[in-house]
Amino acid sequence: MANTEVQVIDSHTGGEPTRVVLSGGPDLGTGSVAQQLEILRQHHDCFRRSVINEPRGTDYLVGALLVKPSNESCVAGVIFFDNVKFIGMCGHGTIGLIATLAYLGKIGVGVHHIETPVGIVSAELHPNGSVSITNVPSFRIANDVELQISGVGKVKGDVAWGGNWFYLVNDHPFCLDQKNLDQLTDVSWKIRIAINESGFPDVDHIILLAPDTSHANEPELITKPTIYSKNFVLCPGKAYDRSPCGTGTSARLACLAGDGLLLEGETLFQRSIIGSHFIGSFVWDDKAKGSVSPTITGEAFVTARVNLVFDPRDPFREGIANE
């Protein structure tokens with residue numbers, strides 16, 4: 001009846017926390033990261049719940065389980081998860097992972113490859129500590145999808161993939177301000193239900209978009225011309241993303257590229273609902289198919305290094321279920 005422990009490092013990327021699990025996870029075999037994810041999903045979901053849910057976690061925390069990569073070019077493999085499910089790729093989480101590996105002294109400045117369940121991504125650690133990730137190919141499958149939302153009216157947006165599925169709403173009547181978080185959460189949840197029912201059941205992230213006018217102090221890596229954008233992102237577990245969302249920004253880049261509003265070498269300055277930002281750019285992966293290879297730059301900061309203790313007497317050892 002001894003306690004067991006799981007070693008983790010917490011960080012935040014643009015305000016959005018990541019919990020990297022260093023040790024104490026289940027044995028997932030030696031297959032690809034995608035195969036290891038299936039073993040974790042089918043046989044060890046209690047591990048996800050116990051690490052990420054209350055009383056040890058929160059509904060806006062994202063977990064990142066370090067696993068052995070099957071591709072020898074990769075410095076690490078990672079499986080991302082949140083309070084309700086496993087997620088294929090996480091942009092802010094990858095930036096947090098790179099910051100964590102640098103904190104541990106396992107990597108230095110330069111380009112590193114990470115194996116995720118949806119493919120290999122590259123991440124460059126810059127001398128100033130910021131990180132640029134080159135995400136999996138991103139693309140749009142439907143544009144100008146119009147929905148009628150009860151109590152809201154008409155909204156219109158695009159369905160796109162950036163490592164996760166998004167409905168990106170350009171046409172809506174809402175003010176993207178922190179004082180409206182409850183309203184934005186409720187509305188985005190209604191929109192998610194509607195987009196799922198309209199024929200896109202895999203969409204689990206909703207992004208509300210608006211122009212950003214608060215960019216007086218531009219960071220490095222901005223080029224001209226630049227699109228300045230602000231967003232509110234609702235994640236699968238109904239928590240909002242404190243960061244601008246890396247996979248969401250990737251999906252946004254695919255939409256802008258497809259509309260000819262952003263060209264190769266130009267930048268997207270994407271601000272989150274709390275004011276943090278990512279810088280995005282792309283090169284075409286397959287122009288005929290509308291697929292782009294996006295690069296997202298942001299910063300992450302380590303906040304804690306702890307051991308999670310699992311007491312066998314604890315009735316909430318496996319977390320408080322919220323599914």
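The structure displayed is predicted, hence computed values, not measured ones.

(A) Spotlight on unusual backbone geometry. For the bond from E54 to P55, the omega torsion is 10°, close enough to zero to count as cis. Secondary-structure assignment places P55 in the loop between helix 2 (45–52) and strand 3 (62–67). The backbone of D144 sits at a positive phi, close to 55°, despite the residue not being glycine. Its place among the elements puts D144 in strand 9 (residues 139–149). Backbone geometry places K238, a non-glycine residue, at a positive phi of 80°. Topologically, K238 is positioned in the loop between strand 13 (226–234) and helix 5 (246–258). Overall, the relative accessible area of 38% leaves K238 in the partly exposed class.

(B) Fine view of the pairing of strand 3. Among the 6 residues of strand 3, 5 are classified as buried, and the element is accordingly described as predominantly covered. Bridge analysis of strand 2 (residues 16–23) against strand 3 gives 4 bridges, and the strand direction is parallel. Within strand 3, the residue paired with V20 across the bridge is A64. Here strand 3 runs beside strand 4 (residues 74–81); their pairing, made up of 5 bridges, is antiparallel. When the sheet's bridge partners are listed, G63 is paired in strand 4 with F81. Adjacent in sequence and paired antiparallel, strand 3 and strand 4 are bridged by 6 residues.

(C) View of the packing of aromatic side chains. For the structure shown, the criterion picks out 6 aromatic pairs. When the ring of F139 is compared with that of W165, the centres are 5.9 Å apart and the planes differ by 80°; the resulting orientation is edge-to-face. Here W165 lies in strand 11 (residues 165–171) and F139 lies in strand 9, a separation of 26 residues in the sequence. The exposure class of F139 is partly exposed, given its relative accessible area of 27%. Seen in terms of ring centroids, F282 and W284 are 5.6 Å apart; in terms of plane orientation they differ by 85°. Their pairing is edge-to-face. Residue classification places F282 among the buried residues on the basis of a relative accessible area of 3%. For W284, a relative accessible area of 23% puts it in the partly exposed group.

(D) Structural detail: the confidence of the model for the protein. Chain-level statistics for the protein give a pLDDT mean of 94 and a share of 95% at 70 or above. Taken element by element, the predicted model of the protein shows its lowest mean pLDDT in strand 5 (residues 86–87) (92) and its highest in helix 3 (residues 91–103) (98).

Quick notes on the rules
Residues numbered from 1 in each chain as written. Predicted model: local features only at pLDDT ≥ 70, side-chain atom pairs only at ≥ 80, totals over all residues. Heavy atoms only, no water. Helix = DSSP H or I, 4+ residues; strand = E, 2+ residues; numbered from the N terminus. Buried < 20%, exposed > 50% of the residue type's maximum accessible area, 1.4 Å probe, protein only. Pairing = 2+ DSSP bridges. Phe/Tyr/Trp six-rings, centres within 6.5 Å; stacked < 30°, edge-to-face > 60°. pLDDT = per-residue confidence, 0-100.

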